[in-house]
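# A look at the structure
Chain by chain, the residues:
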Amino acid sequence: MDRIDAMKVFITALDEGSLAGAARKLGRSPAAVTRALTFLENHIGVQLLHRSTRALRLSEAGERYASACRRILIDIEEADLLAESETKAPRGLLTVTAPITSGAGILRPILDDYLDLHPKVRAKLLLLDRIVSLVDEGIDVALRIAHLNDSSMIAIRVGEVRRLLCASPFYLDNNPPIREIVDLVGHQCIANSQLGETGWSFPSRTADRAPRVVRFTPRLIANGIAGTLPSAVEGKGVTRAYSYQIAEHVERGELRILLPDDEEPPIPVHLVIPEGRLSTPRVRTFVDYVVPRLRAEFSRRNAICARR
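Residues numbered from 1 in each chain as written. Predicted model: local features only at pLDDT ≥ 70, side-chain atom pairs only at ≥ 80, totals over all residues. Heavy atoms only, no water.

Looking at an unreviewed UniProt entry, one finds the protein chain named DNA-binding transcriptional regulator, LysR family, with Thalassospira xiamenensis as its source organism. UniProt's Sequence similarities (unreviewed entry) comment on the protein chain is quoted here verbatim: "Belongs to the LysR transcriptional regulatory family." (UniProt positions renumbered as here; feature names shortened; annotations may be inferred.)

Looking at the assigned domains, one finds that the protein chain contains domain 1 (3-83) and domain 2 (89-307). The centre of domain 1, based on its C-alpha atoms, is set 35 Å off from the matching centre of domain 2. Contacts between the two partners involve nine residues from domain 1 and, on the opposite side, 14 residues from domain 2. In total, about 960 Å² of surface goes out of reach between domain 1 and domain 2, with carbon and sulfur atoms giving 53% of it. Here domain 1 and domain 2 share zero salt bridges between them. Run the count over domain 1 and domain 2 and you get zero residue pairs in polar contact (both at pLDDT 80 or more). The greatest single-element share of the side of domain 1 that touches domain 2, amounting to eight residues, is contributed by helix 4 (residues 60-83). Residues belonging to the side of domain 1 that touches domain 2 are distributed by class as follows: three nonpolar, one polar and five charged. (Domains from an automatic or database assignment. Contact = heavy atoms within 4.5 Å. Buried area = accessible area lost by both parts, 1.4 Å probe. Salt bridge = Lys/Arg side-chain N within 4 Å of Asp/Glu carboxyl O. Polar contact = N/O pair within 3.5 Å; in protein donor to acceptor, adjacent residues only side chain to side chain. Helix = DSSP H or I, 4+ residues; strand = E, 2+ residues; numbered from the N terminus. Nonpolar A, V, L, I, M, F, W, Y, C, P; charged D, E, K, R; others polar.)

As a further point, take unusual backbone geometry. The backbone of Leu 259 sits at a positive phi, close to 50°, despite the residue not being glycine. As for its position among the elements, Leu 259 is in the loop between strand 13 (256-258) and strand 14 (267-273). Judged by relative accessible area, Leu 259 falls into the buried class, the value being 10%. (Buried < 20%, exposed > 50% of the residue type's maximum accessible area, 1.4 Å probe, protein only.)

Spatially, 11-8-12-7-13 is the arrangement adopted by the five strands of the open sheet, whose pairing is mixed. Here the strands that pair on one side only, and so sit at the sheet edges, are strand 11 (220-222) and strand 13. Each strand of the sheet is rotated relative to its neighbour by a mean of 35°, with strand direction disregarded. In terms of strand pairing, strand 7 (residues 163-167) meets strand 13 through three bridges, oriented antiparallel. Looking at the pairing, Leu 165 lines up with Leu 258 of strand 13. Along the sheet, helix 7 (residues 225-233) contacts strand 8 (189-192), strand 11 and strand 12 (238-242); its crossing angle with strand 8, the most-contacted strand, is approximately 160°. Lying on the sheet, helix 8 (residues 243-251) is in contact with strand 7, strand 12 and strand 13; it crosses strand 12 at an angle near 120°. (Pairing = 2+ DSSP bridges. Axes fitted to C-alpha atoms, helices over the stretch in contact; angles between N-to-C directions.)

As a further point, take the pairing of strand 8. The alternating pattern of strand 8 places Cys 189 and Ala 191 on one face and Ile 190 and Asn 192 on the opposite face, and all of these are buried. Across two bridges, the pairing between strand 8 and strand 12 is parallel. In the strand pairing of strand 12, Cys 189 is matched with Val 238.

Overall, the coordinates contain six aromatic pairs when judged by the stated rule. Here the aromatic rings of Phe 10 and Tyr 65 are separated by 5.9 Å at their centres, their planes lie at 40°, and the arrangement is tilted. One end of the pair, Phe 10, is in helix 1 (residues 3-16); the other, Tyr 65, is in helix 4, with 55 residues separating them in the sequence. In this pair, the class of Phe 10 matches that of Tyr 65, namely buried. Plain terms: the ring middles of Tyr 114 and Tyr 289 are 6.1 Å apart, the flat faces sit at 55° to each other, and that makes the pair tilted. Note that Tyr 114 is positioned in helix 5 (residues 100-117) and Tyr 289 in helix 9 (residues 281-307), a separation of 175 residues in sequence. (Phe/Tyr/Trp six-rings, centres within 6.5 Å; stacked < 30°, edge-to-face > 60°.)

Here we take up the pattern of salt bridges. Across all of its chains, the model carries 17 salt bridges by this definition. A salt bridge links Asp 112 to Arg 108, with the nearest nitrogen and oxygen atoms 2.9 Å apart. Of this pair, Asp 112 and Arg 108 both sit in helix 5, four residues apart, roughly one helical turn. The class of Asp 112 is partly exposed, set by a relative accessible area of 34%. Between Arg 300 and Glu 297 there is a salt bridge, with the nearest N and O atoms lying 2.8 Å from each other. Taken together, the residues Arg 300 and Glu 297, both in helix 9 and three residues apart, mark about one turn of the helix. When its relative accessible area of 33% is taken as the criterion, Arg 300 is described as partly exposed. Via salt bridges that share partners, Glu 248, Glu 297, Arg 300 and Arg 301 belong to a single interconnected network.

This is how it looks when you write it as structure tokens:
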């Protein structure tokens, strides 16, 4: 049996979550999938999977081997693509990851338009509010909203986002005014666990002092913007969010920005690409297409918030 083919079966089984799913995906019988996995385990001499017909669980050795297999299969696909003429249309699977809100609301429509232009390219969009290993997970491009550590990966800046306080006009009209950060004490606060559950930090107004922190007992804590923003729009309290998350609500007059002079410094937004991946036609054309559009969209949303 071909070892590369067995690796493909192994990775497909992991991605599909079961042997039956891998069989359907590959158009093979369950017995053929099982034979391929058995061949691979016999070749290596260790068990890779604890498996049944319904569920799979990687062994410790299987976790390390899966990461290596993904890299090998990606390298093989890239070698095939690079051997082709540069004039040929991009093709193959493009894997992209992004935070949930920016990925769904900003990146996904641009990705859809790119796929319309390049029908031989398929895409997998992984929306995750956590950092993943691009190489180990076989990811071509990541949208990252963070200060990046130095690495060998390519990083292309596409914008910046701001952390803003906001509340609805209804809430603000029916509660004491908020003119300084100390005024937040006693207000109904809606906390996003990613931006502070029991307090919000603000930069010092002098260079030699620590950041100013306002502590509160939140009315509501949620683990993402989908849990906090609707409550703020409905007039339940004050919340903190990123500029790109609230821009449309601000533009419609559903939210007002508070204390703009006390904002923390902006956070950069980058596209991150593993070294060597940019040379493949599907990744190169996608990056060329998406960069100017992302820059325009993040700039537009920041401008909306800056006007209010």
